[in-house]
Amino acid sequence: MTAVPVTSPAPAAIAIRDLRFRWRADLPPVLVIDALDIQPGERIFIEGPSGSGKTTLLGLLSGVLPVSDGALTVLDQPLNRLSAVERDHFRADHVGYVFQMFNLIPYLSMLDNVTLPCRFSRRRRARALARGGSLNAEAVRLLAHLDLDDPGLRARPVTELSVGQQQRVAAARALIGAPEILIADEPTSALDADRRAGFVELLFRECREAGLTLVFVSHDASLEGLFDRTLRLAELNRAAA
Amino acid sequence: MPILILAWKSLLNRRFTALLTLLSIAFSVTLLIGVERLRGEVREGFTNTVSGTDLIVGARSGPINLLLYAVFRIGNATNNISWESYQAIANLPKVAWTIPLALGDSHRGFRVLGTTATYFAHFRYSRDRGLALAQGEPFADLYDAVLGSEVARTLGYRLGDPIVIAHGTGDVSFARHTDKPFRVAGILAPTGTPVDRTVHVSLAAIEAIHVGWESGAAAPGRSPDAAQTRELAATGALTPKAITAVLVGLKSRIATFQVQRAVNDYPEEPLLAILPGVALADLWRLIGIGERALLAVSAAVVVVGLFGMLTALLTSLNERRREMAILRSVGARPAHVLALILGEAVFLTLVGALLGVALLYGVLLLGGPLITDRLGLVIGIGPPSPAEGLLLAAVVAAGVLVGLIAGYRAYRLSLSDGLLIRV
Ligand SMILES: Nc1ncnc2c1ncn2[C@@H]1O[C@H](COP(=O)(O)OP(=O)(O)OP(=O)(O)O)[C@@H](O)[C@H]1O
Ligand SMILES: [Mg+2]
């Protein structure tokens, strides 16, 4: 086989070549992916059966888990060659992350939860300040975008928020300081059906405005149509076979 | 240090259990440092039960035995020193002063000591503290008695009260010298030494008690009354024939061993001279085990307190795994997670130790006068001694160790959990 020259002008936001990941050296690999490219600004829907390695893949993309073998490049950073500390810095600067549930730190206020990434990343702090003037102002702006502009709500402990409200606060936290990549691991599965599409729409609006790349994992096939592209992990991942 | 702000807010969120941990550390530190300080004072007080005295002289027996009866008024001398030998010692050229001691009688369970005015002038305890009279005067009259503070307090005596001195040392003596009542002339301030439990009278008074009792029991008709005895005293007829022991002060300390040898080799009578400091230190080694046991117990209390903190930290870890995954997702390193736990442990230990020391100073400030009054122990409110500083450092080091153990576990958990939220 001869190498096909790559002609795409912009480098991929995420590029995987011959990736392998095993949790422990004595365990078989959980992920074996030959190639995957995700373009900047793309909105990707990842689906796959439980245990197929979706969360594991997100852990690799965000630099929490070390690549066992192969190449993983995110925003031109070869994550497979960075140290753990460098990957943590990378994540702090460039990745916003939304969990399935329990996204908020119970002892922090709503605003403190949203501005949390700015405590770990100078870059995102500087960007948030440039955008909003102050961290809290930027947090309030983002929350308002996500239909959380009630000051009364902000004063309450975050543990008293509804699940949907908590997920939107988590989205604001993932968006603050404009990271390039937004990763969401089943962020809608705790929401009722009517709210899911609404939440995804909100995320899309923010991503479009900031030009974010969105990697979204879900079991909910009804959301699939809203995205640019769907990745079926069962097909992509040769380890499952 | 954003992580420390988070640690602080997290701690505030768990303030009730944190406060309990803090208090258990504080109380155990108060106990530990308090015991250490008390221990130091007690040892110091004990080895300084007599100070300023260069030699203690008695009839030949063991040094500890001599120390026990001459200083602690425990037990009896097997033999006395003749008055002539006492005079010979007092007249040695190197001797500056002597305090003769005559023991044998008791008053309602407290020992009666016959001595001279030199006792009040030269007796020293606890690094050169002299005896002070809380009330009244040293004895002037034949029938004057000066009470130790505990005697006066326990028996409720006040100045001028008449007291009766028994022959012998039994608690309830049948042979009471009721015919010659003494008068309380003075009451000493507390010293924390056996002086507090002693009734002091003049040497002549000891003789006077026994006038007419030579046979060991009252001889009716032959026993002179108080007035007659006083006249007798004026003639010098009440000079004792023997005393129990002598405290000797020298003109120069350099001569101590020379004088000690001279006394030990005294040809007329078998005598023994001991150095009080050395003998007291020997005795302390014998009975001081209890004090070390006390320190060990209080150290164990601190260990229990720190184990409580370890338990609290490790228990909280499971509840906090979600918090750690969230922090990792926003860019926190596993080292941050370790710092979060370590910071909490160090904070609790440091503040607990400071609080404990503050508590101790509070107790000493408020309770110190009471301790001095009751026990004669003056517990200093000075800054922590090097030994106490070392103990505090050990407590903090142990706290850091606890934090590292819990922090390392959190570190491992956050590495293996990654961004997985386990609930
Ligand atoms: N910390 C871990 N240590 C060892 N194995 C793990 C660990 N976490 C996950 N695995 C294994 O890796 C595989 C993939 O797990 P992963 O969580 O990525 O699946 P998933 O696709 O996200 O599933 P779900 O849809 O249920 O969330 C599973 O077989 C799981 O047992
Ligand atoms: Mg998953």
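Higher on the page you've got the structure.
Residues numbered from 1 in each chain as written. Chains lettered and ligands numbered in written order. Predicted model: local features only at pLDDT ≥ 70, side-chain atom pairs only at ≥ 80, totals over all residues. Heavy atoms only, no water.

A.B. asks: Any chance you could explain the overall build of chain B here in plain terms?
C.D. replies: Assigned secondary structure in chain B consists of 14 helices and 14 strands. For chain B, the proportion of its 423 residues judged to be buried stands at 48%. Taking the intrachain contacts of chain B between residues at least 6 apart in sequence as the baseline, contacts between residues at least 24 apart amount to 78%. (Helix = DSSP H or I, 4+ residues; strand = E, 2+ residues; numbered from the N terminus. Buried < 20%, exposed > 50% of the residue type's maximum accessible area, 1.4 Å probe, protein only. Contact = heavy atoms within 4.5 Å.)

A.B. asks: Even after reading the chapter, I still don't get the sheet that holds strand S8 (residues 213-217) of chain A, so can you show me in this structure?
C.D. replies: Pairing between the strands of a sheet comes from backbone hydrogen bonds, and it takes one of two forms, parallel or antiparallel. Residues and elements named next belong to chain A. Reading across from one edge, S6-S7-S8-S3-S9 is the order of the five strands in this open sheet, with parallel pairing throughout. The open sheet has two edge strands with one neighbour each: strand S6 (95-98) and strand S9 (229-232). Each strand of the sheet is rotated relative to its neighbour by a mean of 20°, with strand direction disregarded. Looking at chain direction, strand S3 (residues 43-47) and S8 are connected through four bridges and run parallel. Across the sheet, the residue bridging to Ile46 is Val217, located in S8. Of the strands in this sheet, S3, strand S7 (181-185) and S8 touch helix H9 (residues 193-210), which is tilted by about 160° from S8. (Pairing = 2+ DSSP bridges. Axes fitted to C-alpha atoms, helices over the stretch in contact; angles between N-to-C directions.)

A.B. asks: I'm lost on empty space enclosed by the protein in this one. Help?
C.D. replies: The method is simple in principle: a probe with the dimensions of a water molecule rolls over the atoms, and the space it marks as empty is what remains. Residue and element names in this part refer to chain B. Under the criterion given, the structure shown has three cavities of 30 Å³ or more. Here the largest cavity defines a volume of roughly 60 Å³. Together, Thr49, Val50, Ala70, Val71, Arg73, Leu101, Tyr119, Phe123, Thr193, Pro194, Val195 and Leu247 line the largest cavity. Of the residues belonging to the lining of the largest cavity, the class tally is nine nonpolar, two polar and one charged. Here the second largest cavity defines a volume of roughly 40 Å³. (1 Å grid on protein atoms, 1.4 Å probe; cavity = no way out; pocket = protein on both sides within 12 Å on 5 of 7 lines; lining within 4 Å. Points joined across faces, edges and corners; volume = space filled by probe spheres on them. Nonpolar A, V, L, I, M, F, W, Y, C, P; charged D, E, K, R; others polar.)

A.B. asks: What is the right way to read the packing of aromatic side chains from this model?
C.D. replies: Aromatic ring pairs: the centre-centre distance and the angle between the two ring planes describe each pair. What the rule picks out here adds up to 13 aromatic pairs over all chains. Ring geometry for Tyr119(B) versus Phe120(B): centroids 5.5 Å apart, planes at 85°, classification edge-to-face. Classification of Tyr119(B) as buried rests on a relative accessible area of 1%. Aromatic pair Tyr408(B) and Tyr411(B): ring centres 6.2 Å apart, planes at 15°, arrangement stacked. Residue Tyr408(B) and its partner Tyr411(B) are located together in helix H14 (residues 386-417), separated by three residues, close to a single helical turn. A relative accessible area of 47% means that Tyr408(B) is categorised as partly exposed. Directly above the aromatic system of Phe204(A) lies the positively charged group of Arg43(A), at a separation of 4.6 Å from the ring centroid. (Phe/Tyr/Trp six-rings, centres within 6.5 Å; stacked < 30°, edge-to-face > 60°. Lys NZ or Arg CZ within 6 Å of the ring centre and 35° of its normal.)

A.B. asks: For this particular structure, what's the right way to read the site of ligand 1?
C.D. replies: With respect to spatial proximity, 14 residues lie near ligand 1, and among them Ser50(A), Gly51(A), Lys54(A), Thr55(A) and Thr56(A) are the closest. Surrounding ligand 1 are residues belonging to chains A and B, so the site spans chains. Between an oxygen atom of ligand 1 and a side-chain N or O atom of Trp23(A), the distance comes to 3.1 Å. Within the side chain of Thr55(A), one N or O atom sits 2.7 Å away from an oxygen atom of ligand 1. Alone, ligand 1 offers 630 Å² of accessible surface; in the complex the protein occludes 67% of this. Class assignment for the residues of the shell around ligand 1 results in three nonpolar, eight polar and three charged. (Near = heavy atom within 4 Å. Polar contact = N/O pair within 3.5 Å; in protein donor to acceptor, adjacent residues only side chain to side chain. Areas by Shrake-Rupley, 256 points an atom, 1.4 Å probe, with all protein chains shown as cover.)

A.B. asks: Would you mind going over the packing of helix H2 (residues 15-47) of chain B against H14(B) with me for this structure?
C.D. replies: For any two helices packed against each other, the geometry comes down to the angle between their axes and how far apart the axes lie. All names here are of chain B. Across the interface, H2 lies against H14 with an axial gap of 10 Å and an inter-helix angle of 155°. Taken together, the axes of H2 and H14 lie roughly antiparallel to each other. Once H2 is placed against H14, the crossing between them reads as right-handed. Contacts between H2 and H14 involve Val29, Leu32, Ile33, Glu36 and Arg37 from the former and Ala387, Glu388, Leu391, Leu392 and Val395 from the latter. Its residues placed into classes, the contact of H2 with H14 shows seven nonpolar, no polar and three charged. (Parallel < 35°, antiparallel > 145°, perpendicular 65-115°, else oblique. Left-handed = near helix turned anticlockwise from the far one by under 90°.)

A.B. asks: Could you clarify how one ought to interpret the nonpolar core in this entry?
C.D. replies: The nonpolar side chains of soluble globular proteins are, as a tendency, buried together. Judged by nonpolar contacts, the single largest core of 79 residues is most densely connected at Ile14(A), Leu61(A), Leu72(A), Phe120(A) and Leu6(B). Broken down by element, the residue count for this core peaks at ten residues, all from helix H13 (residues 334-375) of chain B. Grouped together as the second largest cluster of nonpolar side chains are 38 residues, Leu143(A), Ile176(A), Val200(A) and Leu202(A) included. (Core = buried A, V, L, I, M, F, W, Y, C linked by side-chain atoms within 4.5 Å.)

A.B. asks: Would you mind showing me how to read the environment of Asn136(A) here?
C.D. replies: Residues and elements named next belong to chain A. Tracing the backbone shows Asn136 in helix H6 (residues 135-145). By relative accessible area, which is 39% here, Asn136 ends up partly exposed. Taking C-alpha positions, Asn136 is 8.6 Å from Val114, a pair spaced 22 residues apart along the chain. In this structure, Asn136 is in contact with Leu111 and Thr115, ignoring residues within four places of it in sequence.

A.B. asks: When you look at the interface of chain B and chain A in this model, what are you seeing that I'm missing?
C.D. replies: Between chain B and chain A, the contact holds 26 residues from the first and 24 residues from the second. A buried area of about 2,300 Å², summed over both sides, lies between chain B and chain A, and 69% of it is on carbon and sulfur atoms. In this assembly, chain B and chain A are joined by two salt bridges. Among the salt bridges present, the one from Asp88(A) reaches Arg328(B), with a minimum N-O distance of 3.1 Å. Where the side of chain B that touches chain A is concerned, the elements lending two or more residues are helix H1 (2-13), helix H12 (321-329) and H13 of chain B. Residue composition of the side of chain B that touches chain A, by class: 14 nonpolar, seven polar and five charged. (Buried area = accessible area lost by both parts, 1.4 Å probe. Salt bridge = Lys/Arg side-chain N within 4 Å of Asp/Glu carboxyl O.)

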